[in-house]
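The residues making up each chain are set out below.
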Amino acid sequence: MSGPAATVEFQDVTKRYDPGTQGPGAVNDLSFAVPAGRICVLVGPSGCGKTTSLKMVNRLIEPTAGRILLDGVDVTSRELTELRRGIGYVIQQVGLFPHQTIGQNVAVVPRLLGWDAGRRRERADELLGLVGLEPARYRDRFPSQLSGGERQRVGVARALAADPPLMLMDEPFGAVDPIVRERLQNEFLRLQEHLAKTILFVTHDIDEAIKMGDLVAVMQAGGRLAQFGPPDDLLAHPASDFVARFVGSDRGLKRLSLSRIRDVQLQAVPTARPGDPAAPVRQAVQADPFPYLLLVDEANHPLGWLDEADLPADGPLDAEEAIAMSPLLNPETTLKDALAMMVEADVQAGVVVDGTGSLLGIVTFESIGQAQRAPAA
Amino acid sequence: MSGPAATVEFQDVTKRYDPGTQGPGAVNDLSFAVPAGRICVLVGPSGCGKTTSLKMVNRLIEPTAGRILLDGVDVTSRELTELRRGIGYVIQQVGLFPHQTIGQNVAVVPRLLGWDAGRRRERADELLGLVGLEPARYRDRFPSQLSGGERQRVGVARALAADPPLMLMDEPFGAVDPIVRERLQNEFLRLQEHLAKTILFVTHDIDEAIKMGDLVAVMQAGGRLAQFGPPDDLLAHPASDFVARFVGSDRGLKRLSLSRIRDVQLQAVPTARPGDPAAPVRQAVQADPFPYLLLVDEANHPLGWLDEADLPADGPLDAEEAIAMSPLLNPETTLKDALAMMVEADVQAGVVVDGTGSLLGIVTFESIGQAQRAPAA
Amino acid sequence: MDWGWILDHLDDLAFRTAQHLYLTAIALAIGLAISFALALLAVRRRSLYPPIAGLASIVFTIPSLALFAAFVSITGISVWTAEIPLILYTFVMYVRNIVAGFDSVPPEVREAADGMGYGRLARLWRIELPLAVPLIIAGIRVAAVSTIGLVTITGILGDRFGGLGFFIFEGIARGYFATEMLLGAVPSIVLALLVDRALVLLQRRLTPWAHPARPGSAPEPAAA
Amino acid sequence: MGFVSAAVAWFADAANWSGPGGIPQRLLEHVLVSGLAMIIALAIVLPLGLWIGHRRRGAAVAVGLAGLGRAVPTLAAIAIVLPITAAYDPQLGFKLYPVVLAMILLAAPPILVNAYTGIVEVDPDLVEAARGMGMTGPQVLGRVELPLALPVVIGGIRSATVQVIATATLGSIFGFGGLGRFLIDGIANHDTGQIFGGVVLVAALALVAEAGLAGLQRVLAPARGG
Amino acid sequence: ATGGGSSTSPSSSAGSPVASSSGSQTSSASATATAAPPTVKIGSAGFYEVKIVAEIYAEALEAKGYKVDRVGIGLGTRDVTNPALESGQIDLEPEYIGSELAAYDPGKQTGDPQENLTNLQAVLATKGGGITVLPFSPAADQNAFVVRPETASQFNLKTLSDTTAVQDQLKWGLATDCKTNPVCAAALKSAYGLQPKNVTYLSACDTPMAQALLSKTIDVGELCSTQPDISKNGWTVLQDDKQTQPADNIAPLVRNDLLAKMPDQDAFEAVLNAVSAKLTTAALTQLNAAFTFDNKDVNDIAAGWLKDNGLDH
Ligand SMILES: Nc1ncnc2c1ncn2[C@@H]1O[C@H](COP(=O)(O)OP(=O)(O)OP(=O)(O)O)[C@@H](O)[C@H]1O
Ligand SMILES: Nc1ncnc2c1ncn2[C@@H]1O[C@H](COP(=O)(O)OP(=O)(O)OP(=O)(O)O)[C@@H](O)[C@H]1O
Ligand SMILES: [Mg+2]
Ligand SMILES: [Mg+2]
C-alpha cells in the first residue's frame, strides 16, 4: 500500500508572531529540503520553533517571509482545505475528536473528501489493523475508552487515512511512557518501510531524533537551523558547540547505535575443533595477530576461547580448557549493543554468528572504532 | 545546614484500591529499607504503583496491609498533620499555589508550624538562594511568572522548608525539557551532598533512576518489587528478564556512567621528551606490552603518541612525528564518556591528566572492562 | 388540604399544565435560537461578547413584574406579552453557557480539525457544536427551570396566561386557599424537576462519548 | 420614547424623594430586605456548599437541593408562607418574612452550586500538595481551596444578588415596601414614569451590587501575576 | 373550572366544563334569524367579582343561542381591558361605571349612578369606533372602609369622620392607586381631613387587604362593599358620611360594531338587560362568598345564579 510521497522544501522561511518587533522571530531564515519518502526530524529545545515550522507547512500558521514548496509548488498557492486534506497531521496532544468513535475519527478526512460510507469503513478498518488495533474491538469505542498509547496509534491512523504524500507529526509519541513509546517508535519505523511517506517529525528528544530520522534538523532558540543532515553526520561532526552539547557527551556511543555488525568488516580468527592436534594449531595462532584461538564444533558453532599462551605443547585440544564464551553477536546487533556486551563481559572481541549459530568472524574494539570513521550505512 | 535524616522501611506493604476484589492490588507486599541520608529511587513503568507507594509514606493513601516505619516508628501511630509537616513533599505537577507569591509558597510549612513572619521570610530567602533563585528577584513573584525549571526549583525549596528528615519527590523533574532536567538533576545532587536527607524519589526514567539513586527499587505492574539494590547491582545483575529489559540492552554502558576514571587502576606508559635519544627509549618501549610511546613536555603534559614501529633507529625524538593526540581524560570523567571518546577517536587508550594537565596514566578498553568486574565505588 | 377540590379540578390541572409547558417551550425555543445566533457572534468576534453579555444581564435585572406590565401596553392581550419577557430573560443564561460551551472545545481538537482540512462551517457544526452540547444543555436546564418559575408570574396578565400560576393567583384571590395555591406550586416544582431530568437524559443520549460504556481503559494490546 | 421623559420627570419631582414613600426610604427597604435574605442564605448555604465541595462527596445532595430551590416559584413561596407567618406576627410576618424567605430560597441555589463547583474544580494536585504538607482539613479549605475557588464562589453570590434584588419586587404585591412599590403602584396608577423609574432604580441597585461584589472579588483574589 | 380557555391553549382540555374559545356551544332555543349572529368576544378585568359577572353574561347569551368567546375574561387591570375593548379584541365587558368614568375622566364621577352613566356614555361614544353603555344594574360595589369590631369599640368608630381625630393611632390599608385616585387620598383629605401616616398599600377589595386586616397588619382596610370577608368576619363598615365614594354600579359596555352586526339588536340587548336587572348588591356578595369561601368555580357560580333566576334557558 505504498502511496505517493512528496518533496518538501523550506526556503528562507521566517515567522515573527509579533510583526511589529524587529528582534528575532520564532523561526528565522529556515532553509532545508527533504527528498520524497524520507523522515526528517526537527529537534531542539523547548520553544525553539519546531511546532511553528511544522504548522507553516499545512498553513495553520502563515510565514512572515520565505516560501515552503511541496513537490515544488508553493503551499500558499494551494487551496487551503484541499492542501490540508492532502497532508496527514498528527499533533502532540493527539487531538482525537472525543465525540466520534475511533472508526469515525480515523475516517475524518475520507469523509471530508466525500468517500461513501462503505469505503470509509473499509479504510478505517484497514488502518486500525495497520497500527495494531483490532478493528472489531476498537472501531466503535470512544477515545476516552482508550489508553494513551492506543490513542497515539489512532492519531497516526487518522493522519494516514487519505494516503497523503506528506505527514506532519508533532511529538506524536510525547504523551506516553518510555516503554510504550519505544514500542510505538519501532512499529512506526516498520510501517514506514512499506509506506515510504515523506514525514516531518518533531521531537525534543535527541535519541528519538536519531532513531527516527533519515535527516535531522537541529534547531536552536530563535528558530535558527543549527545543523541539518543525516543523524550520523550530526554525531560525527557537530557543527557547533550547541549541537555538540545537544547531542550529548556520549555522542560517540550514540553514533554506534546507527550502525550494525553487518556494516563492519569482520576479522577472521584462527579456529580449531576439540580433538585437533595442538601443534599445527599453535603455529597458526602465533602467525595471527589475535592472541586467542576459537574452538568450534563440527557445525562451526563457537564453543569457547583458548589462550595462545595456554595451548598444550602437543596432544589433542580439549574443550574443557576453553574460556567461557564471550557474548554472541549477530549481524543485526547494533554496534552500541555489541560494545556494551563486550564491556560487560570484559572481552576483547565479540564473536559474530549467523542465524543458524555458525561462526562469521569476530569484532574487536578496534574494528568498532574504525567503523565510525567510515560513514554509517 | 545538614539537617536530620530518617530511616524508612516498608514492611509487606499492600494497597488495594478496591478492597472488594481479590486480584492483585496497586501495590503488593512491598518490602525494602532505606538507610538515613540516602536517595532511594522508585522506578517502573506507568501504573506500576510508584506514586501509590510514595503517598503511603505521608499517609495521603492508607495501606491495605503492612507497615511503613519512619525511624522505626509506624507512620500510622503518628498524628497525621504533624507527620506530614515533618516530611518534605514534591509532586510531579509541582503544585505551587498560584495565589501565593514564591516567598509565601516556600514558607507554607513554616507558617503551619507557627513560625513568626520574620523567621519565615529569612528561611524562604535562604532556601531560594539554596536552589539558585536570587531571593530579591523571585520572592514576590507569582508562580505563573516563572519558567518551568524555576518552578521545579521552588517546589524543591518548599519541600525543604522545615528541614524535614525525609523528602518524598514524585517525578520532581518530569515537567521540564531534557536540557533543563539535566541541570536540575545535577544541582539537586550537589545540594544533597550538603543536606544528606533521606529521599524517596519516583521516576519512570531508568537513566534518571541510575543517576539519582543510591538505591533503586524497580517496580513492575501490580506494584511488585522486581529488584532492589544499588544501581550498579541492577545493571550488573538484573534479577529478572523484566529488569533486564527495563534497564535496557545497553546496560553495560549505563553501568560505566556510574564509575569514573579515578575508580580505575591507571596503566603506566613509557614516556619520553622531544629531543631524547631514541635508542634507550626504544628498548623501554619494547619491554612494555603497550606498543606506543607517549611524548610529554617538561611539565609532563602529553604531546602525542609515537608508534613503537616508527621509532627512529637512533638520534633525538622529534615531536613532529607524534601522532595526533587522543582525547584527554581526567579523573572525574565517567567511564562511559571515556569509552565514548575513545571509540569516537578510534584509539586504543585514553590519556588521563590531572587538573594541571600533567600525565597521570592511561586507560585502555581492557582496563575499563575490568573496572566493571569490581563493584563500582 | 382539600383533596376533593383537587379531584374536581384535575381537568383544569391538565389544561394548565399543558399551557405551562406550551408557554415555557415557546420561550425556551425562541430564546435558544436567538441566543445561539448571539453566542456565535460573540465567539467569532470576541469584542462583541462583553456588550452582548452585559446587555443580557441588564435585562435580567429588570423585574419581571415591570416587564410584563410594559409589554401589556405594547402587545396587548397577545401571547407575546408573556413570551417576549420570558424570552428576554433566557438570554443571560443561554448566551453565557453557549459561549462557555464553545470555549470548552480543547484547542488541540480545534487544531486537529483545521489541520485535517475542515472548513470553518464544517468545523463549527461537526466538531465544535457537538462538543459544546454538554454546556449548552446545562444552559437549557437553568433556563428551563427558571422559565417554568417565571411562567407562573404571567398569571398577572390574566386568566389566559399563567399556566399553573393561575392556581396560585386564584388561590390568593380566594383568601390564600392553600389547596389551590399548592395545586399551582407543587406541579410547577415537579414540572421543573422533570424537565430538568429529561434534559439530563437528553444530554446522555446526545453525548454518549462522555459516558464510556466501559470505564477505564483497555490494556495495551501486544505489539503486532 | 415617552416613558423615558416620564421617568425623568418622575425623578425630577422632589416629592418623590422625601417622606415615608420616597425613593430613599424605598431604596433602603429594598437593600435591607435583599441584604437580609442574602446574609441568611449565605450563612446557611455557603458553608454547606464549601463543605460538600471540600469533601468531594454529596454532590447529588447539593445538586438536588439546588434544583428543588430553583424549581419553587417565588410567587408561590410568598403566597404559601404569608398566611402562616402573618398569623404569628401581623407586621413583619405579613410584610417582611414571606419576602425574605422567598428570597432566601431564590438565593440559595446559585450560592450552593457555585460554592460546591468552585471548590471541586480546584486542581486536585494543589489540594494534595496542601495535604501532603500537613495542612488540616480546614486549613486546606481556608488557605488553598477557598482562595482559588473565590472567583466562582463570588460569581454565584453575584448572580444570587442580582436575582434577589430584581425579584424582591414581587413582595410589593403583598404589601412589602421596597422598590417594587413603585412598580405595583405605578401599574395601578397608570404612571409610566413611576414604573420606569422603579425599573431604573432596581436595575441600578442590582448593577451597583454586582459591581461592588466584582470589586470585592478583585480585592480578595489578588493578582496571580501574568 | 376556570375561564381560561383561549387561543393560548395548546389544546382544548377535553372534558373541561368550560368550552374553549370556539366550539362546544349548546344552543337550546334557536332564535334563527336571517344571518347567524356574530360571536361575542367577552372580557373582564381580573378581579373575581367582575369575572363572575362576565361569566354570567356569557352563559346567559349562550342560553339564548349566541356564540360566545371568553377571550378576555380575567384580563387584568383597566390598562389592558380598556385598550382591548377599544381595539375590538373584546366586544363586551361588564364595568363599574364610576371607576371606569374616573379612569377616562378623573374627578367626573359622583355618587349618582345615572349621572355617571350619562357621562361615561358621552366619553365612550367616541372611543374605538363607538362603545355603548347598556343600562346599569342595581348591583353596586363601593369602596368601603372597614375596621375590626374591637377597633370600632376601642376608638368608638361609626363613621369615617370618627377616624379623623385618631387617624395617627390607626394602621391604614389603602389602595395602591390611592395617592393619585381622586376619590381616595384627595377625597379623604378634603372631606375628612385624613392624611394617614402609617399606611400599607395593597390592591383594594382584594384578598391581601382582607388578610392584612384579619392578621391585624392594618386596622382600617379599603375593601369593597360586596366583599364577603366583611360579614364573615363581622367587621364594621365605617359610614361614608361625607359621600365621597362614587356610585359604582355594574353595567355592560358593548362595542357598537357588534351591535350593528346583530340581526336582532334589541333581542341581544334584552338578554343582557335581563341579567343586569336581576343583579343586586346582595347577590354580588353571595356570588363572591361562593368564590372565596366555598372555593366554587366561576362558571359554576354563574350557572347557579342564572338557574336560580330562571335565566338559564
Ligand atoms: N501563537 C503564538 N503567539 C506568540 N508567540 C508564540 C505563539 N506560538 C508560539 N510562540 C512562541 O514562538 C516560539 C516558538 O514556539 P514553538 O511552539 O514553535 O516552539 P517548539 O519548538 O514547538 O517548543 P516545544 O518543544 O515547547 O513545543 C516560542 O518562543 C513561543 O513562545
Ligand atoms: N485513586 C485510585 N483509585 C483506584 N485506582 C487507582 C487510584 N490511583 C491509582 N490507581 C491505580 O493504581 C495503579 C498504580 O497507580 P500509581 O499512580 O501508583 O502508578 P504510578 O506508578 O505512579 O504510575 P505513573 O508513572 O503513571 O504515575 C494504577 O493501575 C492506577 O490505575
Ligand atoms: Mg511544540
Ligand atoms: Mg505516578
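Enquirer: How would you summarise the overall build of chain E if you had to cite specific residues and measurements?
Expert: Broken down by element type, chain E carries twelve helices and ten strands. Burial status across chain E gives 56% buried among its 313 residues. Carbon together with sulfur atoms contributes 50% to the accessible area of chain E, which is approximately 11700 Å² in total.

Enquirer: Before we move on, could you go through the state of the cysteines and cite the residues and values that matter?
Expert: In a disulfide, the sulfur atoms of two cysteines are held together by a covalent bond. The final tally for this structure, using the stated rule, is one disulfide over all chains. The disulfide that involves Cys178 of chain E links it to Cys184 of chain E, with 1.9 Å between the sulfurs. Between Cys178 of chain E and Cys184 of chain E, the S-S torsion sits near -85 degrees, and that sign places the bridge as left-handed. The thiol sulfur of Cys40 of chain A is not disulfide-bonded, and the nearest other cysteine sulfur, from Cys48 of chain A, lies at 13 Å. Of the residues examined, Cys40 of chain A reaches a relative accessible area of 0% and is grouped as buried. A residue is classified by how much of its surface remains accessible, and Cys48 of chain A, at 0% relative accessible area, is buried.

Enquirer: Break down the packing of aromatic side chains for me, with residues and values.
Expert: Residue and element names in this part refer to chain A. Counted under the stated rule, the structure contains 23 aromatic pairs over all chains. Relative to Phe32, the ring of Phe10 lies with its centre 4.7 Å away and its plane at 15 degrees, an arrangement referred to as stacked. With Phe10 in strand E1 (residues 8-15) and Phe32 in strand E2 (residues 27-34), the pair connects residues that are 22 residues apart, well separated along the chain. On the basis of relative accessibility, which here comes to 1%, the residue Phe10 falls in the buried class.

Enquirer: So what's going on with the site of ligand 1? Residues and values would help.
Expert: Residues and elements named next belong to chain A. In the region of ligand 1, the neighbouring residues are Tyr17, Ala26, Ser46, Gly47, Cys48, Gly49, Lys50, Thr51, Thr52 and Glu171. Ser46 has a polar side-chain atom sitting 2.6 Å from an oxygen atom of ligand 1. Note that an oxygen atom of ligand 1 is positioned 2.9 Å from one of the backbone N or O atoms of Gly49. For ligand 1, the protein covers 55% of the area, taking 630 Å² as the surface of the free molecule. Here the shell around ligand 1 is composed, by residue class, of three nonpolar, five polar and two charged.

Enquirer: Tell me about the confidence of the model for chain A, residues and numbers included.
Expert: The pLDDT averaged across chain A works out to 86; a share of 96% of its residues lies at or above 70. Looking at the elements of chain A, mean pLDDT is at its lowest for helix H15 (residues 365-373) of chain A, recorded as 74, and at its highest for strand E3 (residues 39-43) of chain A, recorded as 96.

Enquirer: I'd like a description of the site of ligand 2, backed by residues and values.
Expert: All names here are of chain B. Taken together, Tyr17, Ala26, Ser46, Gly47, Cys48, Gly49, Lys50, Thr51, Thr52 and Glu171 make up the full set of residues adjacent to ligand 2. Lys50 places a polar side-chain atom, nitrogen or oxygen, 2.8 Å from an oxygen atom of ligand 2. Across the complex, the protein chains shield 54% of the 630 Å² of accessible surface that ligand 2 would expose by itself. Here the residues of the shell around ligand 2 sort into three nonpolar, five polar and two charged.

Enquirer: Outline helix H4 (residues 64-75) of chain C, supporting the account with residue identities and numerical values.
Expert: In an α-helix there are 3.6 residues to a turn, and that puts residues three or four apart on one side. Compared with the 16 Å implied by 1.5 Å per residue over twelve residues, the 16 Å span of H4 of chain C between its first and last C-alpha is a close match. Taken as a whole, H4 of chain C has its buried residues at Ser64, Leu65, Ala66, Leu67, Phe68, Ala69, Phe71 and Val72 of chain C. Structurally, H4 of chain C contributes buried residues whose contacts are with helix H5 (80-103) and helix H7 (120-153) of chain C, helix H9 (180-188) and helix H10 (192-220) of chain D together with helix H2 (78-86) of chain E. Gly76 of chain C, located one to two residues past H4 of chain C, shows a positive phi value of around 65 degrees.

Enquirer: Would you mind going over the interface of chain D and chain B in detail, with residue names and values included?
Expert: Every contact between the two is made by 20 residues of chain D and, on the other side, 24 residues of chain B. Applying the counting criterion to the chain D and chain B interface returns one salt bridge. A salt bridge links Lys55 of chain B to Glu128 of chain D; the nearest nitrogen and oxygen atoms lie 2.8 Å apart. Summed over the shared surface of chain D and chain B, the number is six residue pairs in polar contact (both at pLDDT 80 or more). Going through the elements one at a time, helix H7 (124-132) and helix H8 (137-167) of chain D are the ones with two or more residues in the side of chain D that touches chain B. Counting residues per element, the side of chain D that touches chain B draws most heavily on H7 of chain D, which supplies seven residues. Residues of the side of chain D that touches chain B, tallied by class, amount to nine nonpolar, six polar and five charged.

Enquirer: Tell me what's going on with the environment of Ala338 of chain B, and back it up with residues and numbers.
Expert: Residue and element names in this part refer to chain B. Note that Ala338 resides in helix H14 (residues 335-345). Measuring from C-alpha to C-alpha, the distance between Ala338 and Ile261 comes to 7.9 Å, with 77 residues separating the pair along the chain. Once you skip the residues sitting within four places of it in the chain, Ala338 turns out to touch Ile261, Leu329, Thr333 and Ile368.

Basis of the calculations
Residues numbered from 1 in each chain as written. Chains lettered and ligands numbered in written order. Predicted model: local features only at pLDDT ≥ 70, side-chain atom pairs only at ≥ 80, totals over all residues. Heavy atoms only, no water. Helix = DSSP H or I, 4+ residues; strand = E, 2+ residues; numbered from the N terminus. Buried < 20%, exposed > 50% of the residue type's maximum accessible area, 1.4 Å probe, protein only. Areas by Shrake-Rupley, 256 points an atom, 1.4 Å probe, with all protein chains shown as cover. Disulfide = S-S within 2.5 Å. Phe/Tyr/Trp six-rings, centres within 6.5 Å; stacked < 30°, edge-to-face > 60°. Near = heavy atom within 4 Å. Polar contact = N/O pair within 3.5 Å; in protein donor to acceptor, adjacent residues only side chain to side chain. Nonpolar A, V, L, I, M, F, W, Y, C, P; charged D, E, K, R; others polar. pLDDT = per-residue confidence, 0-100. Expected span 1.5 Å × (residues − 1). Contact = heavy atoms within 4.5 Å. Salt bridge = Lys/Arg side-chain N within 4 Å of Asp/Glu carboxyl O.

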